[in-house]
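Overview (structure and organization)
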Amino acid sequence: MKRFFHNELDTLRSHLMLMGEKANDAVNKSIKGLTEKDIDLVNNVIASDEDIDALEVEIDYEATRYLTLRAPVASDLRLMTVAIKASHDLERVGDEARNIAKRARKIILKQAGYSEFQTIPDMAIMAQDMLRDALQSFLHEESERAYQVMEKDEEVDQLNKANIKAFIRMAKDDPDLINRFLDLIFISKSLERIADHATNLAEEVIFLTTATETRHKAALEPKKESRESE
Amino acid sequence: MNESTQAETAAGPGTLEAKSSEYIQIRDFSFFYGDKQALYDLDFNIPEQRVTAFIGPSGCGKSTLLRSINRMNDLIDGAHHQGDILVNGNSVFDPLTEVISLRKRVGMVFQKSNPFPKSIYENVIYGLRVSGRKRKSELDQVVAESLQGAALWDEVKDRLHESALGLSGGQMQRLCIARAIANKPEVILMDEPCSALDPIATGKIEELIHELKDQFTIVIVTHNMQQAARVSDFTAFFYLGKLIEYASTEDIFFNPKERQTEAYITGRFG
Ligand SMILES: Nc1ncnc2c1ncn2[C@@H]1O[C@H](COP(=O)(O)OP(=O)(O)OP(=O)(O)O)[C@@H](O)[C@H]1O
Ligand SMILES: [Mg+2]
């Protein structure tokens, strides 16, 4: 039997998906703006961050209201704690996209022909894939897919480290462009943070679907410990 | 439900470790009203000095099982059972078990409080009178202790000899708990003890249950999921006379293993 208030859970889920899509879109546009030197795109990212922030407030309100009035238990309850955390992670993704966009704007406005981005475009693709997969695993309640997201995080970290090294070396070779390289280092770091938030989302999905805690140390041995397997 | 699952859940977090994890043993227990089977092969243990909640949809057999533990079903025509129920190691169906003394060891509080049309005082010591105890000082002491234990003393200490029927519903329910406590039982069975009470009286009974479990083993039937979550240490979910899931209350309400349990506690059943 579906009760009247269970619709509120559907609304909450669809708001989370909407927020996830907006955050992912912002990441996509910020990097595309950088690589294609499209000033309108990056301005668009900076302007639309407000929408993402507003969704975080909306989702937190809906979850708190449901907790207060519906006294959820089991997976309904886990959805509430996950919604509050996931909306925070997505809000941070939006902020990182905006940070990327701001630095991309500086780079574009300097009009320099320089276009050595190292692996930033690859990192961006990976981070967005992780984000998209985390959202899909949430939508379809697929913990398997969420575990796969977690496994990719290390790779993005490595790319980021390599980028930072490369940009520092390039800055030494070409000190006049130091600001440019600093911006690129920050952009790389932002992408690494976005992948971290996607990883958090994946952990939240696993918690939602299986009640298994995978954060921190537990993340090193995925799937081994699970309340299901007693 | 197999033995190992039961043992694992009962071991659980430290606070849940009971003195005896099998104070009440329900062994392959089936119950019939004439031809109609109401309970099917129940086999699980209820731990000592813990609160165990029975939940499940109306008609699933919660009251039937509860009443079997102190043989309140004995008088029903055509009722019979298979299997056994042991309280503290003794079969309640043993021919040597006297029903009167069993009901003292295993007290019961009903949904509708049922004080006798006598004074508050006489209601509390009813069981002692039946067993012939007469010394006034002793009875006075039991009345005071039991009413204090049932968190009713302050409200009634100046009107002990007035009729119990003049009490409010919540007070009557606590009087019935005092009457059960007066017999110094091992087990207290409660069948929807708060269903007719307001939130304040319900809160008082719940606080009482929480305190009483230091001394008694408590089994409570409730239709209020939040109440089961608040007061019980273990929860058993029944459906159509069968035990579907039995685990620590935390596990049942946080991450139930059976889909039917989840559907029931989240209000999606039926
Ligand atoms: N005295 C009786 N004679 C015949 N059948 C009975 C009797 N008492 C109960 N039953 C049947 O046994 C089944 C279990 O009833 P029981 O009262 O134990 O359910 P319950 O879980 O306590 O329900 P509720 O939540 O409504 O109190 C039901 O199908 C009921 O109709
Ligand atoms: Mg009943």
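About the thresholds
Residues numbered from 1 in each chain as written. Chains lettered and ligands numbered in written order. Predicted model: local features only at pLDDT ≥ 70, side-chain atom pairs only at ≥ 80, totals over all residues. Heavy atoms only, no water. Contact = heavy atoms within 4.5 Å. Buried area = accessible area lost by both parts, 1.4 Å probe. Salt bridge = Lys/Arg side-chain N within 4 Å of Asp/Glu carboxyl O. Polar contact = N/O pair within 3.5 Å; in protein donor to acceptor, adjacent residues only side chain to side chain. Helix = DSSP H or I, 4+ residues; strand = E, 2+ residues; numbered from the N terminus. Buried < 20%, exposed > 50% of the residue type's maximum accessible area, 1.4 Å probe, protein only. Pairing = 2+ DSSP bridges. Expected span 1.5 Å × (residues − 1). Axes fitted to C-alpha atoms, helices over the stretch in contact; angles between N-to-C directions. Near = heavy atom within 4 Å. Areas by Shrake-Rupley, 256 points an atom, 1.4 Å probe, with all protein chains shown as cover. Nonpolar A, V, L, I, M, F, W, Y, C, P; charged D, E, K, R; others polar. Core = buried A, V, L, I, M, F, W, Y, C linked by side-chain atoms within 4.5 Å. Phe/Tyr/Trp six-rings, centres within 6.5 Å; stacked < 30°, edge-to-face > 60°. Right-handed = clockwise from strand over helix to strand, strands pointing away.

Taken together, the contacts link 16 residues of chain B with 16 residues of chain A. Both sides together, the interface formed by chain B and chain A hides about 1,500 Å², and carbon and sulfur atoms give 45% of it. Contact with chain A buries area across many residues of chain B, yet Phe254(B), Asn255(B) and Arg268(B) alone supply 40% of it, more than any other trio. In this assembly, chain B and chain A are joined by one salt bridge. Across the pair Asp76(A) and Arg268(B) runs a salt bridge, and its minimum N-O distance is 2.7 Å. At the junction of chain B with chain A, the criterion picks out six residue pairs in polar contact (both at pLDDT 80 or more). Mapped onto the side of chain B that touches chain A, the elements with two or more residues apiece are helix H11 (249–254) and helix H12 (259–265) of chain B.

Moving on: the pairing of strand E9 (residues 234–239) of chain B. Sheet faces and side chains relate simply in a regular strand, where the side chains alternate between the two faces. All names here are of chain B. Among the six residues of E9, five are classified as buried, and the element is accordingly described as predominantly covered. Looking at chain direction, strand E3 (residues 51–55) and E9 are connected through four bridges and run parallel. Within the sheet, the bridge partner assigned to Ala53 lies in E9 and is Thr235. Pairing geometry for E9 and strand E10 (residues 242–248), over six bridges, is antiparallel. Note that in E10 the partner of Phe238 across the bridge is Leu243. The turn linking E9 back onto E10 is made up of two residues, and Leu240 within it adopts a positive phi angle of 50°.

Below, the discussion takes up helix H1 (residues 6–36) of chain A. Look at H1(A): 45 Å from first C-alpha to last across 31 residues, which is about the 45 Å you get at 1.5 Å a residue. Positioned one or two residues after H1(A), Lys37(A) has a phi angle of 50°, which is positive.

Residues and elements named next belong to chain B. If you walk across this open sheet you meet the six strands as E6-E7-E8-E3-E9-E10, and the pairing is mixed. Pairing within the sheet leaves two strands with one partner each, and these edge strands are strand E6 (106–109) and E10. Sheet twist, expressed as the average angle between the axes of neighbouring strands with direction ignored, equals 20°. Where helix H9 (residues 199–212) meets the sheet, it contacts E3, strand E7 (187–191) and strand E8 (217–221), and its direction lies at approximately 150° from that of E8.

All names here are of chain B. Near ligand 1 you find 13 residues, and of these Ser58, Lys62, Ser63, Thr64 and His223 are the closest. The contact in question runs from an oxygen atom of ligand 1 to an N or O atom on the backbone of Gly61, over 2.9 Å. Lys62 places a side-chain nitrogen or oxygen 2.7 Å from an oxygen atom of ligand 1. Burial of ligand 1 by the surrounding chains reaches 65%, relative to a free accessible area of 640 Å². Here the element with the most residues in the shell around ligand 1 is helix H2 (residues 62–69); it accounts for three residues. Split into classes, the residues belonging to the shell around ligand 1 amount to four nonpolar, six polar and three charged.

Time to look at the nonpolar core. Formed by 66 residues in total, the largest nonpolar core has its most connected members in Ile120(A), Leu184(A), Ile187(A), Leu191(A) and Ile194(A). At the level of elements, H1, helix H2 (39–70), helix H3 (74–109), helix H4 (120–140), helix H5 (143–173) and helix H6 (178–210) of chain A are the ones that each hand at least two residues to this core. Among the elements that line this core, the one with the most residues is H6(A), at 14 residues. In contact with Leu184(A), other than residues within four places in its own chain, are Ile107(A), Glu116(A), Phe117(A), Ile120(A) and Phe167(A). One finds Val51(B), Val143(B), Phe253(B) and Phe269(B) within the second-largest nonpolar core, a separate group that totals 51 residues.

All names here are of chain B. The tally for this structure, following the rule as stated, stands at 17 aromatic pairs over all chains. Considering the side-chain rings of Phe116 and Tyr126, the 4.3 Å spacing of their centres and the 40° angle between planes classify their relative orientation as tilted. Pair noted here: Phe116 is in the loop between E6 and helix H4 (120–124) and Tyr126 is in helix H5 (residues 126–130), with a separation of ten residues, a long-range link. Centre to centre, the rings of Phe237 and Phe269 are 6.2 Å apart; their planes meet at 80°, and the pair counts as edge-to-face. Placement of Phe237 in strand E9 and of Phe269 in the segment after H12 is noted, with a sequence separation of 32 residues between them. Each member of the pair, Phe237 together with Phe269, is buried.

Residues and elements named next belong to chain B. Spatially, the four strands line up as an open sheet ordered E2-E1-E4-E5, and their pairing is antiparallel. Only two strands of the sheet have a single neighbouring strand rather than two, namely strand E2 (36–46) and strand E5 (90–91). The pairing of strand E1 (residues 24–33) with E2 spans seven bridges and is classified as antiparallel. What sits directly across from Tyr33, in E2, is Lys36. Lying on the sheet, H2 is in contact with E1, E2 and strand E4 (79–87); it crosses E1 at an angle near 120°.

Residues and elements named next belong to chain B. Extensive coverage of E8 is indicated by the burial of five of its five residues. Side chains Thr217, Val219 and Val221 project from E8 onto one buried face, and the interleaved Ile218 and Ile220 project onto a second face that is buried too. Pairing of E7 with E8 involves five bridges; the strand directions are parallel. Following the sheet pairing, Leu189 is matched in E8 by Val219. Between E7 and its parallel partner E8, the chain crosses via H9, and the hand of that crossover is right-handed.

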